[in-house]
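# Analysis of the macromolecular model
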Amino acid sequence: MSNETEFARARAVIPGGVNSPVRAYRSVGGTPRFLVSARGAYVTDVEGREYIDLIGSWGPALLGHAHPDVVAAVQDAASRGLSFGATTPGEAELAELLRERTTVRGTRLFDSIRLVSTGTEATMTAVRLARGATGRDIVLKFAGHYHGHSDGLLAESGSGVATLGLPGSAGVPADVAALTIVLPYNDLAAIEAAFAAHPGRIAAIITEAAGANAGVLVPDDGFNRALSDLAHREGALLILDEVLTGFRVGPAGWWGLEAERADGEMWKPDLVTFGKIVGGGLPLAAVAGRRDVMELLAPLGPVYQAGTLSGNPLAVAAGLATLRGADADAYARIDRSAAILSAAVEEAFASAGLAVTVSRAGSLFSLAFRDRAVRTYDDAKDQDAWRYPAFFTTLLEAGVSLPPSVFEAWFLSAAHTDLELDRITAALPAAVRAAARA
Ligand code: PMP
């Protein structure tokens, strides 16, 4: 078996050979690695080659792959049945744990929470709730932010949409797209202008808590609070998307980092979405928020949402075990690794004289081939992205698996130790030289 033969086989029966576009290596070239196993900081492909993994399943693998406690919890749950289509005690247990983790200095991020299976469902439901709560139709989103692949949220989206250079998606009716207004990130004047242009019609602002799907886009100081103030002044809701940042950049996500630093009363979103880590590697995500808004959901209220596998007992078990393992020590280790590795990347490029900017939001970071800071999607696109494939491929050949797109953040885990960081650092100079020659 080889990656090439597996890819040929997959392409004959699966569009592009992949079940999610970024996996196809379209922007970096070469053959995607077909993985057969993963443990700790490593993944292994069909050819038996091991790579230090900096994708972490795009976020869930906070503790490293196949953490023994998580695997044991899933095995134990599986032995009692895979899915019941009925409520199980673990669901309230997970809901309580998530609420407790996101209570900072006495302020709860949310009152109640519904479990779904993907981040896409979580944000889609949040938007429907916001519309149901306000009786308004328009949603404001930011260019370069990704909120999953529901119709209304794909315009100028990050992640694979950015990687493939698409403005949005075919198949989205113009009438639906017209209900999404895309604004530049970190630009409060643009938001004021949108509210002024559409009085009484904007249901919600949706924002990534910190942008991490066009590379890392750090919110300016006070930006999220200003979004909350503006939305509330205008009778709209704020939807904070913590699918990627939640339980990764800290125990209470990006909101928690801001809450720890806030003096005075903390701002709060009306709705918040989670995914990735909350399911510990199995399909689980969530939409949460203010009680009055959440209780608009069926069966209590008129906003419908449902799921055959929602709150699946295996996913709940994996999420609980992952969150229980995510203690202060795990976060401290991941933060330290991010500081070391991002500095090593900066240093390797600096000594080769090639301009890059490393953007960092907590333990999430990404690099951009330009010499100025990246605050918006336009900034992220204005870089020598064509240098990334050579950088990526050189590292891959050296046994380091980076995200196959310059528009994605690098994901570390608590299983990455100095050994892995040293090995990555040692592989950097050759990759930087390859990028410089590209
Ligand atoms: N929101 C954000 C911020 C994300 O990063 C993602 C996925 N990367 C999603 C939503 C969608 O989640 P899913 O892929 O589980 O549908």
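Residues numbered from 1 in each chain as written. Predicted model: local features only at pLDDT ≥ 70, side-chain atom pairs only at ≥ 80, totals over all residues.

### Re the overall build of the protein chain
The helix and strand tally for the protein chain stands at 15 helices and 15 strands. Against the globule reference of 22 Å for 438 residues, the protein chain gives a C-alpha radius of gyration of 21 Å, in line with a compact fold. Seen along its three principal axes, the alpha-carbon backbone of the protein chain occupies a region of about 55 × 55 × 50 Å. In the protein chain, which comprises 438 residues, the share counted as buried stands at 52%. Nonlocal contacts in the protein chain, meaning residues at least 24 apart in sequence, comprise 75% of its contacts between residues at least 6 apart. (Helix = DSSP H or I, 4+ residues; strand = E, 2+ residues; numbered from the N terminus. Rg over C-alpha atoms; globule rule 2.2 N^0.38 Å. Buried ≥ 20, exposed ≤ 12 C-beta atoms within 10 Å, placed from the backbone. Contact = placed C-beta atoms within 7 Å.)

### A word on the site of the ligand
Neighbouring residues of the ligand: 16 residues in total, closest Gly119, Thr120, Gly148, Val243 and Leu244. The element contributing the most residues to the shell around the ligand is helix H4 (residues 119–134), with three residues. Across the shell around the ligand, the residue classes tally to five nonpolar, nine polar and two charged. (Near = placed C-beta within 6 Å. Nonpolar A, V, L, I, M, F, W, Y, C, P; charged D, E, K, R; others polar.)

### Observations regarding the sheet that holds strand S3 (residues 50–53)
Backbone hydrogen bonds hold the strands of a sheet together, and the pairing may be parallel or antiparallel. Strands sit in the order S1-S2-S3-S15 across an open sheet of four strands; the sheet is mixed. In the strand order of this sheet, the two ends are held by strand S1 (35–39) and strand S15 (400–401), each with one partner. Looking at chain direction, strand S2 (residues 42–45) and S3 are connected through three bridges and run antiparallel. Residue Thr44 lies in a different strand from S3, and its bridge partner there is Glu50. (Pairing = 2+ DSSP bridges.)

### Quick notes on the pairing of strand S6 (residues 112–116)
Taken across its five residues, S6 has four buried, putting it largely inside the fold. As defined by bridge partners, S6 adjoins strand S12 (residues 285–289) across five bridges and the pair is classed as antiparallel. Looking at the pairing, Ile113 lines up with Ala288 of S12.

### So, the domain arrangement of the protein chain
Domain annotation of the protein chain identifies domain 1 (1–66 + 387–408) and domain 2 (69–325). Distance between the C-alpha centres of domain 1 and domain 2: 27 Å. Across the contact, 15 residues belong to domain 1 and 21 residues belong to domain 2. Class assignment for the residues of the side of domain 1 that touches domain 2 results in 10 nonpolar, four polar and one charged. (Domains from an automatic or database assignment.)

### A closer look at the sheet that holds strand S9 (residues 202–208)
Read across the open sheet, the seven strands follow the order S6-S12-S11-S10-S9-S7-S8; overall the sheet is mixed. In the strand order of this sheet, the two ends are held by S6 and strand S8 (180–183), each with one partner. Averaged over all adjacent pairs, the angle separating strand axes in this sheet is 20 degrees, with direction ignored. The strands that helix H3 (residues 89–101) touches are S6, strand S11 (271–274) and S12; relative to S6, the one it contacts most, it runs at about 125 degrees. (Axes fitted to C-alpha atoms, helices over the stretch in contact; angles between N-to-C directions.)

### Notes on the UniProt feature "modified residue: N6-(pyridoxal phosphate)lysine" (unreviewed entry) in the protein chain
The UniProt feature table records "modified residue: N6-(pyridoxal phosphate)lysine" (unreviewed entry) at Lys276. Relative to the elements of secondary structure, Lys276 occurs in the loop between S11 and S12. Contact partners of Lys276, with chain neighbours within four places excluded, come to Trp58, Gly59, Pro60, Val243 and Leu244. (UniProt positions renumbered as here; feature names shortened; annotations may be inferred.)

### Some details on the nonpolar core
In this structure, Ala130, Ala204, Ile205, Leu237, Ile239 and Ala286 are the most contacted members of the largest nonpolar core, which totals 137 residues. Looking at this core, the element that brings in the most residues is helix H11 (residues 313–325), giving eight residues. Excluding its chain neighbours within four sequence positions, the residues that come into contact with Ala130 are Ala203, Ala204, Leu237, Ile239 and Leu271. (Core = buried A, V, L, I, M, F, W, Y, C linked by C-beta atoms within 7 Å.)

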